[in-house]
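The chain contents come next:
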Amino acid sequence: MQKPLYIKGTKDCPQVTLDCENQIFEISGRSLPEDSAQFYAPVEAWLESYVKSPNSITEFNFRLDYFNSSSSRKIMSILFELEKIAKTKNAVKINWYYEESDEMIKESGEEIRSIVKIPFELKSYKAPVVVKPKK
Amino acid sequence: MSPEFIFETFLDLKKDYLSFSYLGNIHDEITDMLIQLSESNIDHVAELSKMRNKVSFLMVESFQNIVRHSGNIPVEGNLPKPSLFQIRNIGATYYIASANVIPNVKTEMLKNRIGRLNTLTQEELKSLYMEVLSQEQDGIQRGAGLGLIEMARKSGHKLECFFEPINDEYTYFYLQIKMSGKKNPSEDEINLTIESTQQLHSKLSGENILLLLKGNFSQELILPVLKMVEENMSSFVNVHDKNTFFVLGEILQNIPKHSFVNEEGVKEGIFFMEKFGEYFAITSGNYVENHYVVDFEEKLNAFSKLSVSELNSLYRKYLREGNETEHGGAGLGLIDIIRLSNCNFQYHFQKINEAISFFTMRAVV
């Protein structure tokens, strides 16, 4: 089985978990690298290998707060790769999470959904309540 | 930098709730700081709060557009002006501007591309975006104009550009994005032209300014700036030790300590970091209430007559005795600024009316 890929998130790069054994496929946080090609190269390489022998079901989660335009290209590249799974007997599904008041991430999800040819669900979530310490 | 220049610039930016200009090496590491900076003040206008993410997105796109196009250009030192990144919030309108050097051969292409985007409706921009996004990557150049399309789309206004030739090879490319939180902003909120941005850039560059911050001075505003300077110290020239950072922090935090609070509850102030030969000059300007001025001026006058060793003794004494004034300072912080600047410190009070004066201070480190 393919070794998992884990990239720890930073202030401007997302957290990536690609783990077929535990069936976790997720990109979360901020994706703002100026050189998105460099950041996403290992992700693309991992997926390229994965789609040749994928799990019977692949549920891929995007939980992004922000992403820049060069990341949107890379997100598309990931989705185009995942489309290859749908052409086999295996199943693939995308979950696109957005914070309920975040219209921008929601709209981006709707646009991307209209381009790709795989099941793609938009899911809203409530922002965690931040309690500020009393001064 | 004279007290007159400081006050004049402060008045030029009078309508700005937030004004941030960064001149110098533009690189990717300050992206996160820029988001924090804009988010620190965006909640003051309800209409802006709703578009928080769009403003952050546009800042990042604009900023990275500079990084993207800055390959193969002369180093900053050989240019008449350094690159610029600027954010200005006036009323419910946000302006994001950049200026960077491009080879002359790119000028026509950019002019045409922006001109074309400006003729498109929102629907047409969306179609263009989807078309570019849905193309497989092979054969598409990095960028491929997606950033510009997104800027035009998300701002909801025409992109403004301006080209200022430098020589036979290079040109300054100015790009300004506008975002309005209101459908019909009042007239004074929308009159910031790209030409005025270009003039401000020249003015700041003429004074060797690296960083300008004008706004409502609170800890939320100060922290991202401190973080940015700390993370970028190595990119500024000849930083001998940590003194610059300490003085900068003290001066920034000194503004809200002494500042007059206006009727909107705002502690309005201005802050500059400037290249001064081998050193840096750190300058602040803010209103103070006149009834504090006599005591404040007396203290500053007394401190500025002391030598560094006398200031060190006084500092220890204040520290031991906890000698703080009722106005929350005029003590340790100021002594620290003067001694760390090796007594290279100036201050000035300009009476504005019966209630307030404009106070400026400047330390070279």
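Residues numbered from 1 in each chain as written. Chains lettered and ligands numbered in written order. Predicted model: local features only at pLDDT ≥ 70, side-chain atom pairs only at ≥ 80, totals over all residues.

(A) Spatial organisation of the overall build of chain A. For chain A, the helix and strand inventory stands at three helices and six strands. Taken from N to C terminus, the helices and strands of chain A fall in the order β-β-β-α-β-α-β-α-β. Against the globule reference of 14 Å for 135 residues, chain A gives a C-alpha radius of gyration of 15 Å, in line with a compact fold. Dimensions of chain A, computed from C-alpha atoms along their principal axes, come out at roughly 55 × 30 × 25 Å. When burial is assessed residue by residue, chain A has 33% of its 135 residues classed as buried. Contacts spanning at least 24 positions in sequence make up 67% of the contacts within chain A whose residues lie at least 6 apart. (Helix = DSSP H or I, 4+ residues; strand = E, 2+ residues; numbered from the N terminus. Rg over C-alpha atoms; globule rule 2.2 N^0.38 Å. Buried ≥ 20, exposed ≤ 12 C-beta atoms within 10 Å, placed from the backbone. Contact = placed C-beta atoms within 7 Å.)

(B) Fine view of the sheet that holds strand E3 (residues 24–31) of chain A. Residues and elements named next belong to chain A. Overall, mixed pairing links the six strands, which are arranged E1-E2-E3-E4-E5-E6 in an open sheet. Because the sheet does not close on itself, it has two edges, and the strands there are strand E1 (5–7) and strand E6 (120–125). Taken over all neighbouring pairs, the strand axes of this sheet differ in orientation by 15 degrees on average, direction set aside. The sheet contacts of helix H2 (residues 69–86) involve E3, strand E4 (57–67) and strand E5 (91–99), and relative to E4 the element is tilted by about 170 degrees. (Pairing = 2+ DSSP bridges. Axes fitted to C-alpha atoms, helices over the stretch in contact; angles between N-to-C directions.)

(C) Representation of the sheet that holds strand E2 (residues 84–90) of chain B. Residue and element names in this part refer to chain B. Taking strand neighbours across the sheet as the criterion, the 10 strands line up as E4-E5-E3-E2-E1-E6-E7-E8-E10-E9 in an open arrangement whose pairing is antiparallel. In the strand order of this sheet, the two ends are held by strand E4 (160–165) and strand E9 (345–351), each with one partner. Here the average twist between neighbouring strands, direction ignored, is 10 degrees. As paired elements, strand E3 (residues 93–103) and strand E5 (residues 170–180) share 11 bridges and run antiparallel to each other.

(D) Quick look at the packing of helix H5 (residues 107–119) of chain B against helix H7 (residues 146–155) of chain B. Residues and elements named next belong to chain B. At their nearest, the axes of H5 and H7 sit 10 Å apart, and the two run at 35 degrees to each other. H5 and H7 meet at a crossing whose hand is right-handed. Only Leu148, Ile149 and Ala152 of H7 make contact with H5, whose side of the interface consists of Arg113, Ile114 and Leu117. Looking at the contact of H5 with H7 residue by residue, the classes come out as five nonpolar, no polar and one charged. (Left-handed = near helix turned anticlockwise from the far one by under 90°. Nonpolar A, V, L, I, M, F, W, Y, C, P; charged D, E, K, R; others polar.)

(E) Up close: the interface of chain B and chain A. Every contact between the two is made by 21 residues of chain B and, on the other side, 18 residues of chain A. Among the elements of the structure, helix H2 (31–41), helix H4 (52–69), helix H6 (122–134) and H7 of chain B are those that each provide at least two residues to the side of chain B that touches chain A. Tallying contributions element by element places H4(B) first for the side of chain B that touches chain A, with eight residues. Across the side of chain B that touches chain A, the residue classes tally to six nonpolar, eight polar and seven charged.

(F) Quick look at the confidence of the model for chain B. Mean pLDDT over chain B stands at 82; residues scoring 70 or higher make up 80%. pLDDT under 50 marks residues 139–143 of chain B. Its contacts with residues more than four places away, or in other chains, come to four contacts. (pLDDT = per-residue confidence, 0-100.)

(G) Geometry of the pairing of E5(B). All names here are of chain B. Pairing of E4 with E5, which is carried by six bridges, proceeds in the antiparallel orientation. Each bridged residue has a counterpart across the sheet, and for Cys161 the counterpart in E5 is Leu175. Between the antiparallel neighbours E4 and E5 lie four residues.

(H) Fine view of the environment of Leu210(B). Along the chain, Leu210(B) turns up in strand E6 (residues 209–216). Measuring from C-alpha to C-alpha, the distance between Leu210(B) and Val308(B) comes to 28 Å, with 98 residues separating the pair along the chain.

(I) Spatial organisation of the nonpolar core. In this structure, Met59(B) and Ile282(B) are the most contacted members of the largest nonpolar core, which totals 107 residues. Residue assignment places this core across two domains, with domain 1 (15–207) and domain 2 (216–255 + 270–365) of chain B each supplying three or more. (Core = buried A, V, L, I, M, F, W, Y, C linked by C-beta atoms within 7 Å. Domains from an automatic or database assignment.)

(J) Molecular detail of unusual backbone geometry. Located in the positive-phi region is Gln23(A), a residue other than glycine, with phi close to 55 degrees. Here Gln23(A) is to be found in the loop between strand E2 (15–19) and E3. With a phi close to 60 degrees, Asn208(B) is a non-glycine residue in the positive phi region. For Asn208(B), the location among the structural elements is in the loop between helix H8 (194–206) and E6. By C-beta crowding, Asn208(B) is classed as partly exposed, having 17 other C-beta atoms within 10 Å.

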